[in-house]
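What follows is the residue order along each chain.
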Amino acid sequence: MRAAVSWIRAVVPALPADVTTEQLADRLTALGLKQEAIERPGHDVTGPLVVGRVLSFEDEPQKNGKTIRWCSVDVGSANGTGEPQGIVCGAHNFVVGDLVPVILPGGVLPGDFEISARKTYGHVSAGMICSARELGLGDDHDGIIVLPADAGEPGDDVFDVLPLRDEVIEFEINPDRAYALSLRGVGREAALAYGVDFDDPADRPVPASDQAAYDVVVEDPVGCPVFTGRSVTGFDPSAPTPDWMARRIQLAGMRPISLAVDVTNYVMLELGQPIHGFDRDKLAGPIVVRRARAGEKLRTLDGADRTLSEEDLLITDDSGPIGLAGVMGGETTELSDTTTNIFIEAAHWDPVAIFRTERRHKLPSEASKRFERGTDPTIPLVAADRVAELLTTYGGGIVDDGVTYVGAPPAIASITVDAGLPARVSGMDIPASVTVANLRAVGCTVVESGSTLTVTPPPWRGDLTDPFDLVEEVARIVGYSDVPSVLPPAAHGRGLTRSQRLRRRVGRTLAGEGYVEVVSFPFIGTRDLDALGLDASDPRRTLLRLANPLSSEEPAMTTTLLPGLLKTVARNAGRGALDVALFETATVTLPRASGPAPIFGVDHRPSDAQLDELDKALPGQPLHLGLAVSGERERAGWWGPGRPGTWADALDGVRRVAESVGVEVTVRATAHAPWHPGRCAEIAVGDAVLGHAGELHPRVCAAYGIPARTAAAEIDLSRLLEHASSMVEAPEYSSFPVAKEDVALVVDDTVTAADVEAALRAGAGEYLESVRLFDVYTGPQVGEGKKSLAFALRFRAPDRTLTESEAGAFRDAAVASAAERCGAVQR
Amino acid sequence: MSGPNSSYDPVEVTPLRADQVEEMREQAFAAIAAAGDLAELKQVRLDHAGDRSPLALANREIGALPPQARKEAGQRVGQARGAVQQAIAARQAELEVQAEERMLVDETVDVTLPTSRRPAGSRHPLTTLAEDIADVFVALGWEVAEGPVVEAEWLNFDALNLGPDHPARTMQDTIWAEPAENHVVLRTHTSPVQARTMLTRTPPIHVVCPGRVYRTDPYDATHSPMFHQVEGLVVDEGITMAHLKGTLDHFAAAMFGDGITTRFRPSYFPFTEPSAEVDLICWICRGVNSEDCRTCRGEGWVEWGGCGVVNPRVLTACGVDTDRYTGFAFGMGIDRTLMMRYAVSDLRDLFEGDVRFSSAFGTEL
Ligand SMILES: [Zn+2]
């Protein structure tokens, strides 16, 4: 909402003259009408800008086809000499004797356009005769402004004649304050801000209804509780809009069009009641207000043909629909430059119906903006009457006697509230007397009965329905700045949950390992999954699709973090960062076959069973951890060459995470997209598979445009954390010497190190302290298809020093077990 | 260097003369002093203190002397041998120190060489800032509540007094799961977590809810379809707007420094009544001579978030006794707070995953 300060002052004459626009805007902001901006139109125009009288002119055709006018203009003594001023003018819409605005050399027009005497078309033009657009008064550039004959004398300051300079406050109006989408509302708040009297511009007498302005039948009184109208006959469609009115409309951000249209807009801005004017001669039969029928169409006055929904509220006549109620009129009955007889409609519409129609047809308008938030149902006839008055005042004709008024404003429910509630809720010291006074100041009727107040809100405050709504009204007038700052009584929380603490630890662990955390969007398309090489039955292809995705390429929620990570690897590589280690923790969305989520009432809590049903209707959303290693994991330097990241780094990343939260994971070889089938590890806790790690399939690297041999891992972090045990049993450890035994075992290539290690552990007996693989060898010494695994075994007894022969026997038992289970041969 | 006298014949000489013993000692001293390193000193020890050294041989002669001469010669030779041993030990210590010093000099490296073989990792500032925020409230005794991102329409809207015809529910603002008749949305705020908390706990409730939210916003320097919010909720007996103000002042000072307080402006949110927008005193200019301040654009205040007294309709839908309890709630953008605190000019920097961005913030803020 934009309001010229001059208009606010006209509505609230009692506003103190010394209040600046900034002060006014600040006060209104503190009351809840938030100042978005203050503009000062016309303040970039500086004089001399004076009234001139055209004494004579010559029309001079030019070679370029134009005809210019060489004018002699009397500007009084404004030019210092009193002599007529010679001015070249391109416009022709004036005659000798007309008064025109003249800017003289030294003046400045909007856009920092400084005027000087200049040679043009063979003359020295000492100034300029101005158009509306040149003065910032509007778009009109068809001709110059011709001032009224009584505008003043040559040499008078045009700033006194035209409404050039003003100040405009632009407000951001919250949805609950629809009344402030009018000067009536802004004025009321301004009066409230300064505690001055306010004369409601809607408080004017209206004639009694005889239903004779036009025949109207309202078939849907729910959608249209009030429909009023007046008629004007003999209107002059060529009558101009007065400058002051056009200027107020323009400063409000709308475009002056014609007197008839401008008056309806002006009254809407003034009172907040949208009004529609019909060309009465184009109406056929009585007006009927009803819902649309299937298949009905309407060409709205923006020229668009609209197919109507059966929910749309319509204004119709014998010809069919002639207006989309409260949203936009139809083309056939539109006010035109030949309209002389006008039917003025002002109605009260159901906000929800207007809201739905506006959204359905994507037709936000100044009218629908007001109707959908709620207008004052008691003023439609006041507004229609005001329009009729302004039309006839400036456009001639007469207001017909007939007054149409169908329906009645809905009753307003009163609210019972304890007078102490505003103080109790706001924490401010607000006596009951202040509560009552403030409620009356916003227009409520208050009946006191002890400490109980019965409050009836004014008809323009449809938003006031609950006691707490009244608390806000009282509190904002007392002033939010008076709310004291007090910490609430101490809470007794138990700190972060274990899961929350462990998640922090996971992030810190990976950052400590050199991984950089990234945050990706969760949107995905099948192309991303194709690029991962997932086969048709892969469960990760079961996506939660979005009804209105931001991009048709990514119409679903992802089931895996890898696409986001790999795209980020590619983005970094594209920017020259080829060696990266990235991680991300985020939820993925795993749809499950379930019905719709229930919608409950809101007047009581749903039952536990209902809430359970609600949760079951939602997809699974486990927290995943993904990581990717690309390029060198350790860089080259004076110490030697760099070390490329491999499958082992990705796997180690997961292992570090598991260690950091105290979970022991096991690893098995597997083949699983999008990993290299020979370099993919399945990560499990017990029998539960948590995820995978390894080198990516070369085709995946190619598809994502990332460096070859990029490694990645993804695990279900939620489940990993479930296995994180909070209780650790303190170990008992022996202080007797350790016995070390190294063994090198030759096995088939296909035997995994994990299996050999498990076999050693199984055979080594109770004094085995640790097993560590310290070397893997393949080559001629062990033969084709074989590898040698070297393990360091450590034995220790709790109660004595093991002898060499004891340790040797344990080692031999371990080796025998490996031989038996894995076919291992000691080298 | 002086070596043993190869023509020396102990039988022919009379080594026990004082001047001869003195000379042997002087020779030994000279040799010790001349030893330039530990290897040379080792040879000197053999030559002048070893079994075949002149003094050792002289010592053997003592037994052949007449008894009265024996004592005198014994003393003379013994003293000389002791002195030589001491001199060798002293020189040994000296040379060891020198050798160590030389070794340490030889082993000098250029400590300005780069040492990091692996680039440092980092966490995302959105993560660490969310943790910092949570910690402010955990320190007040609050708990951190969480909930699903893909959420039921009823919890995202209805329970929060956003009725069926609220503008925010349209496809123009909210991302819906398909089909829309399933009533599942990507949560548009973290408020459903508040609702879930009230539905599952009994007051007093003190929770803070950081999390990821989605809207159909364009993706540009100041908007994103995905962003992060933190909301707070307190429900207890006697809770007022004053407690809300106190909490937000505390939060503002924790985030932006001592002396940074908040201002309330009346506003509208369906889930709170009364409602307010929260502004912060500009932490750059502190509201003083703001004209040239780019952070607050001359306002002296910076918009931070929204807040209010929990609408009793919300309490009712969530099963909280409105006769007994009141509550307050607030919410602000973590992304926006991050951008304000660290002068991030383009929101997209948070989601591009460029390692240079996160790396600048390290592991903790
Ligand atoms: Zn500032």
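Residues numbered from 1 in each chain as written. Chains lettered and ligands numbered in written order. Predicted model: local features only at pLDDT ≥ 70, side-chain atom pairs only at ≥ 80, totals over all residues. Heavy atoms only, no water.

**Some details on helix α5 (residues 259–271) of chain A**
Residue and element names in this part refer to chain A. For α5, which comprises 13 residues, the first-to-last C-alpha distance of 18 Å matches the rise-based estimate of 18 Å (1.5 Å per residue) to within 8%. Among the 13 residues in α5, twelve count as buried, and that is most of the element. Along α5, the positions that sit buried rather than exposed are L259, A260, D262, V263, T264, N265, Y266, V267, M268, L269, E270 and L271. Two residues or fewer after α5 comes G272, characterised by a positive phi angle close to 85°. (Helix = DSSP H or I, 4+ residues; strand = E, 2+ residues; numbered from the N terminus. Expected span 1.5 Å × (residues − 1). Buried < 20%, exposed > 50% of the residue type's maximum accessible area, 1.4 Å probe, protein only.)

**Examining the coordination of the zinc ion**
Residue and element names in this part refer to chain B. Distances from the zinc ion to its protein donors, namely C282 (SG), C285 (SG), C293 (SG) and C296 (SG), fall within the range 2.2 to 2.3 Å. For the zinc ion, the four donor atoms in the first shell make angles of 103 to 116° at the metal, a pattern classed as tetrahedral. In primary sequence terms, the donor set of the zinc ion follows C-x2-C-x7-C-x2-C. The exposure class of C293 is buried, given its relative accessible area of 9%. For C296, a relative accessible area of 4% corresponds to the buried category. (Donors = N, O, S within 2.8 Å, 3.2 Å for Na, K, Ca; no water. Tetrahedral: all angles 85-135°; square planar, octahedral: opposite > 155°, others 65-115°.)

**What to know about the domain arrangement of chain B**
Structurally, chain B comprises domain 1 (14–106) and domain 2 (125–359). On a C-alpha basis, the centroid separation for the pair domain 1 of chain B and domain 2 of chain B is 90 Å. (Domains from an automatic or database assignment.)

**Remarks on the UniProt feature "binding site: Mg(2+)" (unreviewed entry) in chain B**
As recorded in UniProt, the feature "binding site: Mg(2+)" (unreviewed entry) lies at E273 of chain B. Tracing the chain through its elements places E273 of chain B in strand β7 (residues 272–281). Here E273 of chain B falls in the buried class, since its relative accessible area comes to 6%. In contact with E273 of chain B, not counting residues within four places along its chain, are F468, D469 and E472 of chain A together with V309 and N311 of chain B. (UniProt positions renumbered as here; feature names shortened; annotations may be inferred. Contact = heavy atoms within 4.5 Å.)

**Digging into the UniProt feature "domain: B5" (unreviewed entry) in chain A**
When the UniProt feature table is mapped onto this chain, "domain: B5" (unreviewed entry) is found at residues 410–485 of chain A. A distance of 42 Å separates the end C-alpha atoms of residues 410–485 of chain A, which is 37% helix and 18% strand.

**Describing the packing of helix α19 (residues 753–764) of chain A against helix α20 (residues 804–822) of chain A**
Residues and elements named next belong to chain A. The interhelical angle for the contact between α19 and α20, taken along N-to-C directions, is 135°, at an axis separation of 7 Å. Here α20 runs oblique to α19, going by the angle between their axes. Here α19 and α20 pass one another in a crossing that is right-handed. Residues D755, V756, A758, A759, L760, A762, G763 and A764 of α19 touch α20, and the partners they reach there are F810, A813, A814, V815, S817, A818, R821 and C822. Its residues assigned to classes, the contact of α19 with α20 shows twelve nonpolar, two polar and two charged. (Axes fitted to C-alpha atoms, helices over the stretch in contact; angles between N-to-C directions. Parallel < 35°, antiparallel > 145°, perpendicular 65-115°, else oblique. Left-handed = near helix turned anticlockwise from the far one by under 90°. Nonpolar A, V, L, I, M, F, W, Y, C, P; charged D, E, K, R; others polar.)

**Quick look at the sheet that holds strand β32 (residues 580–587) of chain A**
Residue and element names in this part refer to chain A. Overall, mixed pairing links the seven strands, which are arranged β28-β32-β33-β39-β38-β37-β36 in an open sheet. The sheet is open, and its two borders are formed by β28 (516–517) and β36 (666–669), each paired with just one other strand. Where β32 meets strand β33 (residues 623–630), eight bridges bridge the pair, whose relative direction is antiparallel. Across the sheet, residue A586 finds its bridge partner in β33, namely H624. (Pairing = 2+ DSSP bridges.)

**A few points about the UniProt feature "binding site: Mg(2+)" (unreviewed entry) in chain A**
Annotation from UniProt places "binding site: Mg(2+)" (unreviewed entry) at D463, D469, E472 and E473 of chain A. Residue placement: D463 of chain A occurs in the loop between β27 (452–456) and α11 (467–478). When sequence neighbours within four positions are dropped, the list of residues in contact with D463 of chain A reads D176 and D469 of chain A. Within polar-contact distance, the side chain of D463 of chain A engages the side chain of R461 of chain A at 2.8 Å. Here E472 of chain A shows up in helix α11. Contacts of E472 of chain A, omitting those with residues within four sequence positions, involve D176, R177 and Y480 of chain A together with S267, E273, P274 and S275 of chain B. (Polar contact = N/O pair within 3.5 Å; in protein donor to acceptor, adjacent residues only side chain to side chain.)

**Side note on the interface of chain B and chain A**
With 105 residues of chain B in contact, the opposing surface of chain A contributes 99 residues. Of the roughly 8500 Å² buried between chain B and chain A on both sides combined, carbon and sulfur atoms contribute 59%. Applying the counting criterion to the chain B and chain A interface returns twelve salt bridges. A salt bridge links R508 of chain A to E131 of chain B; the nearest nitrogen and oxygen atoms lie 3.9 Å apart. Joining chain B to chain A, the criterion identifies 42 residue pairs in polar contact (both at pLDDT 80 or more). In terms of residue count, the dominant contributor to the side of chain B that touches chain A is helix α8 (residues 241–256) of chain B (eight residues). Looking at the side of chain B that touches chain A, its residues break down into 45 nonpolar, 32 polar and 28 charged. (Buried area = accessible area lost by both parts, 1.4 Å probe. Salt bridge = Lys/Arg side-chain N within 4 Å of Asp/Glu carboxyl O.)

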